[in-house]
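# Descriptive analysis of the structure
Now for the letters of each chain:
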Amino acid sequence: MVENQELRKAGLKVTLPRVKILQMLDNSEERHMSAEDVYKSLMEAGEDVGLATVYRVLTQFESAGLVVRHNFDSGHAVFELADGEHHDHMVCVDSGEVIEFFDPEIERRQKEIVREHGFELVDHNLVLYVKKKGA
Ligand SMILES: [Zn+2]
């Protein structure tokens with residue numbers, strides 16, 4: 001199973017909760033899930049994994065570099081698989097929906113601004129808080 005390989009590659013032992021949670025993250029349409037989201041989805045799929053276990057496993061995944069945790073201002077932390085290209089996020093302040101975007105111009109300008117201040121860019125995390133137009 002692909003999840004077993006992913007776990008081993010990340011230096012984690014293969015356990016049932018880890019496999020189930022990784023599968024959930026791999027197969028979910030929603031790329032950004034809170035621990036509660038993961039827990040609910042597992043319950044709906046008839047999997048018996050407790051919320052405390054979900055929290056613990058997600059934290060282990062984060063330490064192992066399998067997932068990235070985002071602490072957006074609105075609500076609780078969300079997790080996404082650390083498999084993609086760099087992107088930034090916008091978060092709807094009403095619904096909590098998370099939208100990914102990438103803008104080469106913004107990326108370029110950030111590097112320029114940092115350079116103008118005598119630094120080089122190591123990392124960045126841009127979050128735009130938004131709401132639906134007219135709502
Ligand atoms: Zn994302």
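Basis of the calculations
- Residues numbered from 1 in each chain as written.
- Predicted model: local features only at pLDDT ≥ 70, side-chain atom pairs only at ≥ 80, totals over all residues.
- UniProt positions renumbered as here; feature names shortened; annotations may be inferred.
- Helix = DSSP H or I, 4+ residues; strand = E, 2+ residues; numbered from the N terminus.
- Buried ≥ 20, exposed ≤ 12 C-beta atoms within 10 Å, placed from the backbone.
- Domains from an automatic or database assignment.
- Contact = placed C-beta atoms within 7 Å.
- Nonpolar A, V, L, I, M, F, W, Y, C, P; charged D, E, K, R; others polar.
- Pairing = 2+ DSSP bridges.

- Going by an unreviewed UniProt entry, the protein carries the name Ferric uptake regulation protein and comes from Pseudomonas jilinensis.
- Its UniProt record gives the protein a comment under Subunit (unreviewed entry), which states: "Homodimer."
- The heading Subcellular location (unreviewed entry) in the UniProt record of the protein holds the text "Cytoplasm".

## Overview of the UniProt feature "binding site: Fe cation" (unreviewed entry) in the protein
- Taking the numbering used here, the UniProt-annotated feature "binding site: Fe cation" (unreviewed entry) corresponds to His 86, Asp 88, Glu 107 and His 124. On the basis of their most widely separated C-alpha atoms, the annotated residues across 39 residues gather in one place, lying no more than 10.1 Å apart.
- As for its position among the elements, His 86 is in the loop between strand S3 (78-81) and strand S4 (88-92).
- Its 8 C-beta neighbours within 10 Å are what place His 86 among the exposed residues.
- When you line up the elements, Glu 107 lands in helix H5 (residues 104-116).

## Examining the domain arrangement of the protein
- Assigned domains within the protein: domain 1 (2-81) and domain 2 (88-130).
- Between domain 1 and domain 2, the C-alpha centre-to-centre distance is 25 Å.
- In this assembly, 7 residues from domain 1 lie in contact with 7 residues from domain 2.
- The residue makeup of the side of domain 1 that touches domain 2, split by class, is 2 nonpolar, 4 polar and 1 charged.

## Here we look at the pairing of strand S5 (residues 98-101)
- With 4 bridges joining them, S4 and S5 adopt antiparallel strand pairing. Bridged to His 89 within S5 is Glu 100.

## Considering the UniProt feature "binding site: Zn(2+)" (unreviewed entry) in the protein
- As annotated by UniProt and renumbered to match this structure, "binding site: Zn(2+)" (unreviewed entry) occupies Cys 92.
- Along the chain, Cys 92 turns up in strand S4.

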